[in-house]
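Chain by chain, the residues run as shown.
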Amino acid sequence: MPVSAWPAGPSSRRRPDGRLPRARRSAISSGNPNGLFRMSMPQNCFPVAPETLLPERFRRHEGGLVRPSERRLLSIVRRRPDVTRAEIGADMDLAQQSVHRLLGGLLDDGLIVFGRAAAGRRGQPSPSVRLNPRFACSLGVALSTSRVGISCSDFAGGQKMRSFEIDGDPVDDVLDRIDACFTELLEEMEFSRDDVLGIGFAIAGYVIADWRYSPPHTLSHWSKVEIAPRVSRRFGVPCWSENTSSAAALGEAMFGAGKQHDSLVYVDMSYGLGSGIYSDGRLMTGAYGNAGEIGGIFPDAVYHLRPAPGLLIEKLRRSGRHVAGLPDLGRAVAEEWPEVEDWLRRVQPQFDSMISAISGLIDPDCIVLGGDAPVNLASKLAERSTYFRRKRYGFARRLPDLILSQVGDDASCIGAAWLPLQDFAF
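Residues numbered from 1 in each chain as written. Predicted model: local features only at pLDDT ≥ 70, side-chain atom pairs only at ≥ 80, totals over all residues. Heavy atoms only, no water.

Student: What's the story with the packing of aromatic side chains in this structure? I'm lost.
Tutor: Each aromatic ring pair is specified by the distance between its two centres and by the angle formed by the two planes. Inspection of every chain in the model, using the stated rule, returns nine aromatic pairs. Each ring, one from Phe-182 and one from Phe-235, has its centre 5.2 Å from the other, and the planes form 65°; the classification is edge-to-face. Placement of Phe-182 in helix 5 (residues 171-188) and of Phe-235 in helix 6 (residues 227-235) is noted, with a sequence separation of 53 residues between them. Judged on exposure class, the residue Phe-182 and its partner Phe-235 are both buried. Grouping aromatic residues by their ring pairs yields a cluster made of Phe-58, Phe-135, Phe-155, Phe-255, Trp-418 and Phe-426. A cation over a ring is seen here: Arg-57 above Phe-135, with NZ or CZ 5.7 Å from the ring centre. When the ring centre of Trp-337 is taken as reference, the NZ or CZ atom of Arg-321 above it lies at 4.2 Å. (Phe/Tyr/Trp six-rings, centres within 6.5 Å; stacked < 30°, edge-to-face > 60°. Helix = DSSP H or I, 4+ residues; strand = E, 2+ residues; numbered from the N terminus. Buried < 20%, exposed > 50% of the residue type's maximum accessible area, 1.4 Å probe, protein only. Lys NZ or Arg CZ within 6 Å of the ring centre and 35° of its normal.)

Student: Help me out: how do you make sense of a negative patch on the surface in this one?
Tutor: A contiguous patch of negative charge on the surface is contributed by Asp-262, Asp-280, Asp-363, Asp-365 and Asp-401. Tracing the chain through its elements places Asp-280 in the loop between strand 14 (273-279) and strand 15 (282-284). Its relative accessible area of 69% is what places Asp-280 among the exposed residues. (Patch = residues over 30% accessible without salt bridge, like charges linked within 9 Å, V, L, I, M, F, W, Y side chains within 5 Å. Areas by Shrake-Rupley, 256 points an atom, 1.4 Å probe, with all protein chains shown as cover. Salt bridge = Lys/Arg side-chain N within 4 Å of Asp/Glu carboxyl O. Lys, Arg positive; Asp, Glu negative; His and termini not counted. Charge placed at Lys NZ, Arg CZ, Asp CG, Glu CD.)

Student: I would appreciate a short explanation of the sheet that holds strand 2 (residues 44-46) in the present structure.
Tutor: Sheets are built from strands that pair by backbone hydrogen bonding, the pairs being arranged parallel or antiparallel. Strands sit in the order 2-12-9-6-7-8 across an open sheet of six strands; the sheet is mixed. Where the open sheet ends on each side, the last strands, each with one partner, are strand 2 and strand 8 (159-165). Each strand of the sheet is rotated relative to its neighbour by a mean of 15°, with strand direction disregarded. Where strand 6 (residues 137-143) and strand 7 (residues 147-154) come together, seven bridges link them in antiparallel fashion. Residue pairing across strands places Leu-143 opposite Val-148, the latter belonging to strand 7. With respect to the sheet, helix 5 is in contact with strand 6, strand 7, strand 8 and strand 9 (196-203), its orientation differing from that of strand 8 by roughly 155°. (Pairing = 2+ DSSP bridges. Axes fitted to C-alpha atoms, helices over the stretch in contact; angles between N-to-C directions. Contact = heavy atoms within 4.5 Å.)

Student: Whenever I open this one, the packing of helix 11 (residues 338-361) against helix 12 (residues 375-384) confuses me. Can you help?
Tutor: For any two helices packed against each other, one specifies the inter-axial angle together with the distance between the axes. Contact geometry of helix 11 with helix 12 gives a least axis separation of 10 Å together with a crossing angle of 60°. Viewed along their axes, helix 11 and helix 12 adopt a mutual orientation that is oblique. Of the two elements, helix 11 crosses helix 12, and the hand of that crossing is right-handed. Touching Glu-341, Trp-343, Leu-344, Arg-345, Val-347, Gln-348, Phe-351 and Asp-352 of helix 11 are Leu-377, Lys-380, Leu-381, Ala-382 and Arg-384, all from helix 12. Split by residue class, the contact of helix 11 with helix 12 holds seven nonpolar, one polar and five charged. (Parallel < 35°, antiparallel > 145°, perpendicular 65-115°, else oblique. Left-handed = near helix turned anticlockwise from the far one by under 90°. Nonpolar A, V, L, I, M, F, W, Y, C, P; charged D, E, K, R; others polar.)

Student: What is the right way to look at the sheet that holds strand 3 (residues 83-84) in this model?
Tutor: Strand order in the open sheet formed by three strands is 3-5-4, and the pairing between neighbours is antiparallel. Taken across any chain shown, the strands that pair with only one partner, and hence form the sheet edges, are strand 3 and strand 4 (112-117). In the packing of helix 2 (residues 68-79) onto the sheet, contacts are made with strand 3, strand 4 and strand 5 (127-131), and the angle to strand 5 comes to roughly 95°.

Student: Looking at this structure, I do not really get the state of the cysteines. What am I missing?
Tutor: Note: disulfide means a covalent bond formed between the sulfur atoms of two cysteine side chains. According to the stated counting rule, one finds zero disulfides in the structure shown. With no disulfide partner, Cys-45 has as its closest neighbouring cysteine sulfur the one in Cys-239, 7.7 Å distant. The buried category is assigned to Cys-45, whose relative accessible area is 2%. (Disulfide = S-S within 2.5 Å.)

Student: Quick question: what am I supposed to make of the packing of helix 7 (residues 244-255) against helix 13 (residues 411-424) here?
Tutor: Axis separation between helix 7 and helix 13 bottoms out at 7 Å; the angle between their running directions is 80°. By the angle between their axes, helix 7 is roughly perpendicular relative to helix 13. Each of Thr-244, Ala-247, Ala-248, Leu-250, Gly-251, Met-254 and Phe-255 in helix 7 lies in contact with helix 13, whose residues at this interface are Ala-411, Ser-412, Ile-414, Gly-415, Ala-416, Trp-418, Leu-419 and Gln-422. Here the residues of the contact of helix 7 with helix 13 are counted per class, giving 10 nonpolar, five polar and no charged.

Student: Just to check I follow, could you spell out the nonpolar core for this structure?
Tutor: The nonpolar side chains of a soluble globular protein tend to be buried, and buried together. The biggest cluster of nonpolar side chains holds 44 residues, and the ones touching the most others in it are Leu-74, Ile-88, Phe-155 and Leu-264. Residue assignment for this core shows that the elements contributing at least two residues are helix 2, helix 3 (85-92), helix 4 (96-108), strand 5, helix 7, strand 13 (264-269), strand 16 (366-370) and helix 13. Each residue touching Leu-74, except ones within four places of it in the same chain, is listed here: Val-66, Leu-106, Leu-111, Ile-112, Leu-131, Phe-155, Ala-425 and Phe-426. (Core = buried A, V, L, I, M, F, W, Y, C linked by side-chain atoms within 4.5 Å.)

Student: Would you mind showing me how to read the pattern of salt bridges here?
Tutor: Between side chains of opposite charge, a pair can form as their charged atoms come close. Here the structure, examined in full by the defined rule, presents 20 salt bridges. Measuring nitrogen to oxygen at the nearest pair gives 2.8 Å for the salt bridge that ties Arg-130 to Asp-82. Placement of the pair is Arg-130 in strand 5 and Asp-82 in the loop between helix 2 and strand 3, with a sequence separation of 48 residues. Owing to a relative accessible area of 39%, Asp-82 belongs among the partly exposed residues under this scheme. Across the pair Arg-234 and Asp-176 runs a salt bridge, and its minimum N-O distance is 2.7 Å. Residue Arg-234 is found in helix 6, and its partner Asp-176 is found in helix 5; the two are separated by 58 residues along the sequence. Residue Arg-234 is classed as partly exposed on the basis of its relative accessible area of 26%. Each member of the salt-bridge network shares a partner with another, and the members are Lys-160, Arg-162, Glu-184 and Glu-188.

In structure tokens:
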């Protein structure tokens, strides 16, 4: 794809203290006058006005894709495939004439399609409404310590994926391989590069400045890269950067536990330990982009006993076991290696502290255990877990459900691909 001439737009550079400029912070804040948490669409987009890189056919209203009322309608249709026109009017508390007008504009421009009229109801049958998967697509990348996941999502959420292994590969080499995967996925899904709304790029690590992250040691060379600008300039489309845990939370919210729960915290048990927070239809990113850095709650005295699967790998190797990586932990748990049981016993208090802190501070509907670690390891910790709570006047507060991921270990790249769609349309 040719790199577009770079459009002028408002600066999104951070101040010396690391915070976004006041105008940018206020533009992406939502109902939060105190500024402790920012409930927002993904904050690390480049350019700051991503619509400036959209092809002309996507600039439907004042340069953007949808108006607020259309965004609300599309979100209803996404959550409820085959919802009827009459049901949309009831959900939006709008007169049918207004609903007809909104639907007509979205239909004419190809964002939605009508299905069969709902049968078995009184009066004039109302047609069902679905998102048009062929309207557009977006691309996602999830970069972890040893693996890169790549996904392509159509406008209705249909996904195709690729992945490849890495071991300290140079940045440009990784981007070249990602580019090749993009080409394969777009061809397989019968999209052209002109159909791409943007790229979501997730990397393990926390935000340090601008679009830069502090990843694990094996990805240390990525800490010098301003990811969203680098990727956007390379591919000529807007790019949203995010950490892998938050991207996984978005993937889980869109395609997994979020179908039954309005809010969730996704605990990312990969080599390290992180989390992402989804509530009120948006990721919770925090004032500095690092909401969900759950590893920060453990004091130095027990930091080596936090429930990070990479620490179990190190323990097994010290005892002489051959463990190549995270997948081997599934066999270690299934065969009940004694080192695993000892590790589980030692880290369980910290696991219980973690879920109790999430419950007390965030109060989500559910806590989802996911990531690259084997499911049976997360299950063992969940089975033994205990929330900390005390009764008052005979009553105890409600606790979040503790469940396993319904999306699996591709949640990060699936969520990354949804970042542009979330920002532009939903």
